[in-house]
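# A look at the structure
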Number of protein chains: 4
Amino acid sequence: MKKIGILTSGGDCSGMNAAIRSATRTALGHGAQVVGFRKGYAGLLKGDLLEMTTREVAGILHRGGTFLQSARSEEFRTVLGREKAVRHLQDLGVEGLVVIGGDGSLNGALALHRMGVPVIGIPASIDNDIAYTDMALGVDTALNNIIYAVDCIKDTASSHDRAFVIEVMGRNSGYLASMSAIATGAEYAIIPEVECDIADLCNQLRKRYEEGRSNAIIILAEGAGRAQNIADNIKDAIGFETRVTVLGHYQRGGAPSVFDRLLGSRFGHAAVEQLLAGEKGKMVGLCCGEICATPLETVVVSEKMQQDELHELSMILGI
Amino acid sequence: MKKIGILTSGGDCSGMNAAIRSATRTALGHGAQVVGFRKGYAGLLKGDLLEMTTREVAGILHRGGTFLQSARSEEFRTVLGREKAVRHLQDLGVEGLVVIGGDGSLNGALALHRMGVPVIGIPASIDNDIAYTDMALGVDTALNNIIYAVDCIKDTASSHDRAFVIEVMGRNSGYLASMSAIATGAEYAIIPEVECDIADLCNQLRKRYEEGRSNAIIILAEGAGRAQNIADNIKDAIGFETRVTVLGHYQRGGAPSVFDRLLGSRFGHAAVEQLLAGEKGKMVGLCCGEICATPLETVVVSEKMQQDELHELSMILGI
Amino acid sequence: MKKIGILTSGGDCSGMNAAIRSATRTALGHGAQVVGFRKGYAGLLKGDLLEMTTREVAGILHRGGTFLQSARSEEFRTVLGREKAVRHLQDLGVEGLVVIGGDGSLNGALALHRMGVPVIGIPASIDNDIAYTDMALGVDTALNNIIYAVDCIKDTASSHDRAFVIEVMGRNSGYLASMSAIATGAEYAIIPEVECDIADLCNQLRKRYEEGRSNAIIILAEGAGRAQNIADNIKDAIGFETRVTVLGHYQRGGAPSVFDRLLGSRFGHAAVEQLLAGEKGKMVGLCCGEICATPLETVVVSEKMQQDELHELSMILGI
Amino acid sequence: MKKIGILTSGGDCSGMNAAIRSATRTALGHGAQVVGFRKGYAGLLKGDLLEMTTREVAGILHRGGTFLQSARSEEFRTVLGREKAVRHLQDLGVEGLVVIGGDGSLNGALALHRMGVPVIGIPASIDNDIAYTDMALGVDTALNNIIYAVDCIKDTASSHDRAFVIEVMGRNSGYLASMSAIATGAEYAIIPEVECDIADLCNQLRKRYEEGRSNAIIILAEGAGRAQNIADNIKDAIGFETRVTVLGHYQRGGAPSVFDRLLGSRFGHAAVEQLLAGEKGKMVGLCCGEICATPLETVVVSEKMQQDELHELSMILGI
């Protein structure tokens, strides 16, 4: 394989740069050339690319986001668009493609695979909602960002006897909410996978209050309700002063944690090794601490199992 | 002076614990006893207090918030309430009081002073809106919290060619907004003291965009407009994808910075030294790197000068 | 089981408090009493203990070290000492014991098990050198501490064209060195498990230098050589200005990462559930993301497998 | 003034990039061209330079070190070398020079000034040992790095009843040691300006120990003694287990704090404004919160006043 392409697509996350760097250096080490497409599939369509050298990827490992940038491409969703992408890859002599991104991006990778492009996907999504990998890129950094902010807010909550409803990311997945609830000692986690009984929540807070514990942190996954509504309910039910903080895009960025730097480095390395070994149409993942590879067509139709046990643990320890 | 009281009042901030610790140790070093009132003036009224020892204030220096807690007290706003507070202090044998807080708290301290209680105030307010001190407690930590979050958001903004409107605290003061705009290289700061010309803002963003710089950070002081409105305006005017993040209470807490630990330590020490030297009815402050003391009645009627020069600098460097 | 004891022993690490808190709350939730012994086995021998309540373990989750403290006990290494420990447990009515610590501490736990005490161990060791768990408590936080420091040092190294030899912990294990080398993009990792060829190292640095890359980071596990010697060798061989930093005890402490807070919470919960289910003489561990339990007598005679693949990856990416 | 040069010299520190960025943007805003010399005076001699544009200085504000790099130049210490430097500046059409660095660098700037080059200096030195500025660039970030590490080490110290001697930078200046001692609640600071009475130190530690406080942190400025000697003395005198950590180059780098980003931005802006206003041979500084300018010949012969009061405060609060 003489030339390999790399792109990042969908929502950015910390660790993408580690994967880009590692894939690039691994390919260069095998004597292959590397090109990076800017802004995901859009760059592939526009021919917006970058010759990737050892130097080009120096000094990016510890930076958040993706220096190749990311974007949505409407054109790539069309058959014509995809055909154009394949032509561009052929014209450029790119014989293998590494796609780093979430669900939508991996679907795009599968489409290219079906059109004959050797492609390997790398799962990157702070929601940790991609099947066939224990952890996706960006999750650990997002969690560490969250607990940093929640620790700060707890200082205020405990100084003032206040409840806080803190909204974290996770439209369909409560992973970030459950994990950060355990990790910050929050009193309650509200997640999309489990119906929240507001009356029960208020009862617990009232009981705590009667025991003299008069501040509380409730972590809410964004897909599980509106923070202000929940705060209003708490206020109405038990008269507790309740504030709302929506952590928002702060969660995505920042210097990647060790875990995401290692994971990105391993994913990038494995993706290129897979391509060089003739594999294609797969996603690399983390399975029991080892790197595994699963056909993209299996990945994109599978739903990630919920970790009920961990949500329950968050409730046991919150008491 | 045989017994000194300490309380924290109003919004909590990082560095309050340093001031409590320092005041306590200074007083103990002079052979005085120290009591801490819990939850500000409310604790003074309820007799909710704590014997302060060297041990009691060990291990609090690096923690955000205030371990004496803070709260509002409606009762203390009444004449009867204040008379009760004075009686309590007399009954407890408290001969001097250190009040740590913002504008409202210092007004309370002045009231007690006028009723004959020897009291020294310590300015604590993340908005930096208290006159007669260059910096109030908590400002530097809040700023460092803000830039940590904004640096994270910039990773995302630059990965996606997006504009972000980031709301920081500051109802009447643009200090946090202007300073964090300079410190993060934000493109624009919107502050209460200076009318914001949205058309001008949009023109600048459009001009940047035409030069190929397609992401932008706008820092908004909470008192200077609604973040979502401004984002909508930008979107309408130049079609730029614009997201909003409201940093909220995250700004208040967290391990205090060096500056706030030093400032709190110096303020706490100076406040007790003032009391022991027979001073009263004053607020200690930072004036040109030295500790100064100003009559509370002067402080509470003065407005902190705006730092126009620094807001302008934020605009010059944002270009 | 009516009463459960908890102790931390050996070198402290971040995440121990999470384990203590979780074990305590789990036991209390099952209606059992909990006592904490201070300073490890020494406290067990002296009867230095603490009644553990929900309150007692509030506010410790995010703090480094162990609030139960740790210490070595010569007395506990003797048969008489251990017999005394068993008697104390019986006198106190402690029917199950949770021991949190490294190799030596788990050996102590095994000894108590053999004397009839129902005991469950929790692996805690920043070196990650304990078999039958993918990760020990404290490793992830230590790694994050290390990369924070190395990122700082890289700023200086790249500002000055200097090489740095940075010594990290790991007497017999290169885990921290290899992982932090990957995670920081270091040029070289020197570990006890693999003989270091200084000539080869110098050749690589010289080659880099000739390509114009004139700064370098070498991560050294403490058990793999003396940092100053290696720096002197580099200086002599290629005339490169080379500085040494020994990270030391800074690596141990600090606010635990998400990973260690979750791991500690899960370990503490599982250890108590094991005891309540009648299990004994085992160590809980993390196996493929799930909690597993292995007999202590198996654990203490096993050596943790090296991760050769990851050391190699550190070398591939360092180029 | 049509063209302005910038260089960073001597030991790097956080905030230098903010100063470079601000000076560049200010000059460009006035229609002047800007060149950056790489590796300090060495780059000036070799003609190793960089055209500075708005883009070139984008994305550097939050990064430690100096992207223009720094180095020592033996050649520049000679008269011939300096004459060459002046010729180079003339040949390039550089009409004004901004020099960012410490004592040695400012001496170099003075030499150029005396040879007719319009030059303005910016004080940068983590030791805070430059006169005529309340704070030099890099000090605040270094202090925040130090307290981050010391907070971590305190976790270990308090888990184990140990004393730690922690060496911080400061060959002739105890500023970092005294300030970080106050900010971390250390028990003792040993600084070059005040003779340390080891017997007194040991007595204090013994007294603490007898009161049951059995861990201690001693902060040592590197110029005030050898850490291991002091640890050995403590061990010999009171049998206290005492460990040593030398923080080393970790202190220099890292993302600059708000304070250093603001200070660098203000210094860079002011330096260029001074040049454009026809000023020369001066150093800008921070005087009572305002920017001041002092002749370089005054600066380099002056010694920065010690802050005895703050060292005493560190001792009062350490008790």
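Everything numeric here is computed off the predicted structure, so don't read it as measured data.

## With respect to the UniProt feature "binding site: ADP" (unreviewed entry) in chain A
Residue and element names in this part refer to chain A. Taking the numbering used here, the UniProt-annotated feature "binding site: ADP" (unreviewed entry) corresponds to R21, S22, A23, T24, R25, K154, G185, A186 and E187. These annotated residues cover 167 residues of sequence, and their C-alpha atoms reach 45.1 Å apart at the extremes, leaving them scattered rather than at a single site. Position of S22 among the secondary structure elements: in helix α1 (residues 16-29). Among the residues examined, S22 registers a relative accessible area of 0% and is labelled buried. Considering the arrangement of structural elements, one finds R25 in helix α1.

## Topic: the interface of chain A and chain C
Many descriptions give the size of an interface as the accessible area lost when the pieces come together. On the chain C side, the residues contacting the 39 residues of chain A number 39 residues. In total, about 3,200 Å² of surface goes out of reach between chain A and chain C, with carbon and sulfur atoms giving 60% of it. Put simply, chain A and chain C have two salt bridges between them. A salt bridge links D151 of chain C to R261 of chain A, with the shortest nitrogen-to-oxygen separation between them at 2.7 Å. Applying the counting rule to chain A against chain C returns 13 residue pairs in polar contact (both at pLDDT 80 or more). Going through the elements one at a time, α1, α5 (139-160), α6 (175-184), α9 (258-276) and α11 (308-318) of chain A are the ones with two or more residues in the side of chain A that touches chain C. Tallying contributions element by element places α9 of chain A first for the side of chain A that touches chain C, with seven residues. Taken together, the residues that form the side of chain A that touches chain C break down as 16 nonpolar, twelve polar and eleven charged.

## Structural notes on a negative patch on the surface
On the surface, a cluster of negative charge is contributed by D134, D308, E309 and E312 of chain A together with E290 of chain C. Take the negative patch: its biggest share by element is three residues, from α11 of chain A. Mapped onto the elements, E290 of chain C comes out in strand β11 (residues 290-295).

## Considering helix α3 (residues 79-92) of chain B
Residues and elements named next belong to chain B. The end-to-end C-alpha distance of α3 is 20 Å, a good match for the 20 Å that 14 residues give at a rise of 1.5 Å each. The set of residues buried in α3 consists of G81, A85, V86 and L89. Taken down its axis, α3 places every buried residue within 140 degrees of arc, on the same side. Opposite the buried face of α3, at more than 90 degrees from it, the exposed residues are V79, L80, Q90 and D91.

## Structural notes on the packing of aromatic side chains
Taken as a whole and assessed by the stated rule, the structure comprises 18 aromatic pairs over all chains. Among the aromatic residues, ring-to-ring pairing joins Y148 and Y250 of chain A together with Y148 and Y250 of chain B into one connected group. Above the face of the F76 of chain C ring, R82 of chain C is positioned so that its terminal group lies 5.2 Å from the ring centre.

## Some details on the pattern of salt bridges
Tallied over the entire structure, the rule returns 51 salt bridges over all chains. A salt bridge links E187 of chain B to R208 of chain B, with the shortest nitrogen-to-oxygen separation between them at 3.4 Å. A residue pair is termed long-range when its members are at least 10 positions apart, and E187 of chain B in the loop between α6 (175-184) and β7 (188-190) and R208 of chain B in helix α7 (residues 198-210) qualify at 21 residues. Comparing E187 of chain B with R208 of chain B, the two get one shared label, buried. With a shortest N-O distance of 2.9 Å, K282 of chain D and E279 of chain D are connected by a salt bridge.

## Details of the sheet that holds strand β4 (residues 96-101) of chain D
Residues and elements named next belong to chain D. Taken in spatial order, the seven strands line up as β3-β2-β1-β4-β5-β10-β11 in an open sheet, and their pairing is mixed. Two strands lie at the open edges of the sheet, namely β3 (49-51) and β11 (290-295), each paired on one side alone. Ignoring which end each strand starts from, the neighbouring axes of this sheet average 25 degrees apart. Pairing of strand β2 (residues 33-37) with β3, which is carried by three bridges, proceeds in the antiparallel orientation. From the neighbouring strand, F37 faces β3, where its bridge partner is L49. Contacting β1 (3-8), β2, β4 and β5 (119-123), helix α1 (residues 16-29) runs over the sheet at an angle of about 180 degrees to β1.

Conventions adopted
- Residues numbered from 1 in each chain as written.
- Chains lettered and ligands numbered in written order.
- Predicted model: local features only at pLDDT ≥ 70, side-chain atom pairs only at ≥ 80, totals over all residues.
- Heavy atoms only, no water.
- UniProt positions renumbered as here; feature names shortened; annotations may be inferred.
- Helix = DSSP H or I, 4+ residues; strand = E, 2+ residues; numbered from the N terminus.
- Buried < 20%, exposed > 50% of the residue type's maximum accessible area, 1.4 Å probe, protein only.
- Contact = heavy atoms within 4.5 Å.
- Buried area = accessible area lost by both parts, 1.4 Å probe.
- Salt bridge = Lys/Arg side-chain N within 4 Å of Asp/Glu carboxyl O.
- Polar contact = N/O pair within 3.5 Å; in protein donor to acceptor, adjacent residues only side chain to side chain.
- Nonpolar A, V, L, I, M, F, W, Y, C, P; charged D, E, K, R; others polar.
- Patch = residues over 30% accessible without salt bridge, like charges linked within 9 Å, V, L, I, M, F, W, Y side chains within 5 Å.
- Areas by Shrake-Rupley, 256 points an atom, 1.4 Å probe, with all protein chains shown as cover.
- Lys, Arg positive; Asp, Glu negative; His and termini not counted.
- Charge placed at Lys NZ, Arg CZ, Asp CG, Glu CD.
- Expected span 1.5 Å × (residues − 1).
- Arc of directions from axis to C-beta.
- Phe/Tyr/Trp six-rings, centres within 6.5 Å; stacked < 30°, edge-to-face > 60°.
- Lys NZ or Arg CZ within 6 Å of the ring centre and 35° of its normal.
- Pairing = 2+ DSSP bridges.
- Axes fitted to C-alpha atoms, helices over the stretch in contact; angles between N-to-C directions.

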